[in-house]
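# Tertiary structure, described
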Amino acid sequence: MPKSSPVGEKLLEVVAAFGKGYNSALTGDPDVGDLPRRLHGFAFEGAAMSCTLLDTITLSGNRRLRALEEGTGGAYTHLIHVGAGWALARLRRTRWRGIGHPMLTWLAWDGWGFHQAYFNARKVFHDHWVERGARGATRSIRDQGTGRALWFYTGADPDLIARLIGAYPRHRQGDLWAGIGLAAAYTGVVHELDDLLAAGAGHRADLAQGAAFAAKAHVLGGHVPSGSARAVGLLTGVSPHQAAEWTDQALARIPRPASPRDYERWRAEIRGAYERHAEDVLR
C-alpha cells in the first residue's frame, strides 16, 4: 500500500485503528476512546477478529463476540460481522452460526475475502486465486471483500484499480467493484471521485451498492464522516440516509433470508434501487 501520499497516510490510519482494536480486545477490554470517531468502526472490526479467535480457541461459542456486539449497542454490527470473517479465514473455518440477523452472518465472507487478499495479495490480485472453501455460493460475497482490500492495496488509485479488476474474469468484476464502492464510501479516503466514476463507468450500480452498504454502516453508527458523505453522494446520487434506506427496503423484500443466494438477492435489490433512481434523474 502506498505510504507517501496524503491518501496513503489516511489509509494507514485505518490499518492502525484495526490493529488497536485487535490488540485491545486481546486483553478483554476493547478501547477506542482515544481514536477519532471516523475510525471507531475499523477498531471494532479488529476487536471482532480477536474476539472470534479467542472464542474459538477457548470453545466458548460466541461469548466474547456477543459481548462486543452488546457493548456497542449494535451500532457496529456490520463491522463486527466482517471482523469475525477475518478470524474465520485465519482459522480456515467455513461454517459459522453468526450472532444476529441471518443476512448479516454472510458478511463474514466479506471479511474472509479481505483477509485473504491482505495476506496473499499477489495470489489474489494477480493470479486471481480463490481458496477451495469459497468456490461455491459464497464466492461473490468473498470477492466483495477482495475489492475492499484492493482499495488499500492500490492506495485508492482508480487507474490501477481498473487495470487490476479488468484482468479478472468478467463474471467476477462486478463484485470487486462493489467492494471498491464500499471501501471508498466507508473510508471516505479518495484521490478524485470523478476519476473513480470514470474508471468504474461500466459498473456504476455495483459501486452504488457498495456505497449504500457503507452508508448503512455509518448511519447505524450514528456518525457519517464528511468524506464518506461526499463519496456516498457521488456514488449513489442520494444522501447517506437515503442510501441506507435502500438497504433496509431491499432487505425487507426478503422475508426469510437464510442463504448466500438471499444475500445476493439483497445486493441485486439495492442495485435496482440505484438504477431506478438514475433513470428518474435522467427523465
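Structure: above.
Now for a look at the structure at hand. (Residues numbered from 1 in each chain as written. Predicted model: local features only at pLDDT ≥ 70, side-chain atom pairs only at ≥ 80, totals over all residues. Heavy atoms only, no water.)

### What to know about the overall build of the chain
Each helix and strand counted, the chain has 15 helices and zero strands in total. Here the C-alpha atoms of the chain give a radius of gyration of 17 Å, agreeing with the 19 Å that 2.2 N^0.38 yields for 283 residues. For the C-alpha atoms alone, the extent of the chain along its principal axes is close to 55 × 45 × 40 Å. Contacts in the chain between residues at least 24 apart in sequence constitute 70% of all its contacts with a sequence separation of at least 6. Within the structure as shown, the chain displays about 12200 Å² of accessible surface, and the carbon and sulfur contribution to it stands at 51%. Within the chain, one finds 34 positive and 28 negative side-chain charges whose respective centroids are separated by 7 Å. (Helix = DSSP H or I, 4+ residues; strand = E, 2+ residues; numbered from the N terminus. Rg over C-alpha atoms; globule rule 2.2 N^0.38 Å. Contact = heavy atoms within 4.5 Å. Areas by Shrake-Rupley, 256 points an atom, 1.4 Å probe, with all protein chains shown as cover. Lys, Arg positive; Asp, Glu negative; His and termini not counted. Charge placed at Lys NZ, Arg CZ, Asp CG, Glu CD.)

### Some words on the pattern of salt bridges
A full pass over the atoms with the stated rule returns 14 salt bridges. For Arg38, the salt bridge is made with Glu13, and the minimal N-O distance between the two is 2.8 Å. Here Arg38, found in the loop between helix H1 (6-26) and helix H2 (40-57), pairs with Glu13, found in helix H1; they are 25 residues apart in sequence, far enough to count as distant. Its relative accessible area of 33% is what places Glu13 among the partly exposed residues. Notably, a salt bridge pairs Arg267 with Glu264, separated by 3.0 Å at the nearest N-O pair. A residue pair is termed a helical-turn pair when its members lie 3 or 4 positions apart in one helix, as Arg267 and Glu264 do in helix H15 (residues 260-282) at three residues. (Salt bridge = Lys/Arg side-chain N within 4 Å of Asp/Glu carboxyl O. Buried < 20%, exposed > 50% of the residue type's maximum accessible area, 1.4 Å probe, protein only.)

### Focus on the side chain of Thr236
Within the element layout of this structure, Thr236 appears in helix H13 (residues 226-236). The class for Thr236 is buried, based on a relative accessible area of 1%. Here Val238 takes part through its backbone nitrogen, which lies 3.2 Å from a polar atom of the side chain of Thr236. If near-sequence neighbours (up to four positions away) are discounted, Thr236 is found in contact with Ala208, Ala211, Ala212, Ala243, Trp246, Tyr274 and His277. (Polar contact = N/O pair within 3.5 Å; in protein donor to acceptor, adjacent residues only side chain to side chain.)

### Concerning the packing of aromatic side chains
All chains considered together, the criterion is met by 14 aromatic pairs. Relative to Tyr118, the ring of Trp86 has its centre 5.9 Å away and its plane inclined at 55 degrees; by these criteria the two rings are tilted. Placement of the pair is Trp86 in helix H4 (residues 77-91) and Tyr118 in helix H6 (residues 107-119), with a sequence separation of 32 residues. On the basis of relative accessible area, Trp86 is assigned to the buried category, the value being 5%. Judged by its relative accessible area of 41%, Tyr118 falls in the partly exposed class. Look at Phe213 and Trp266: their rings are 4.8 Å apart centre to centre, the planes differ by 40 degrees, and that puts the pair in the tilted class. (Phe/Tyr/Trp six-rings, centres within 6.5 Å; stacked < 30°, edge-to-face > 60°.)

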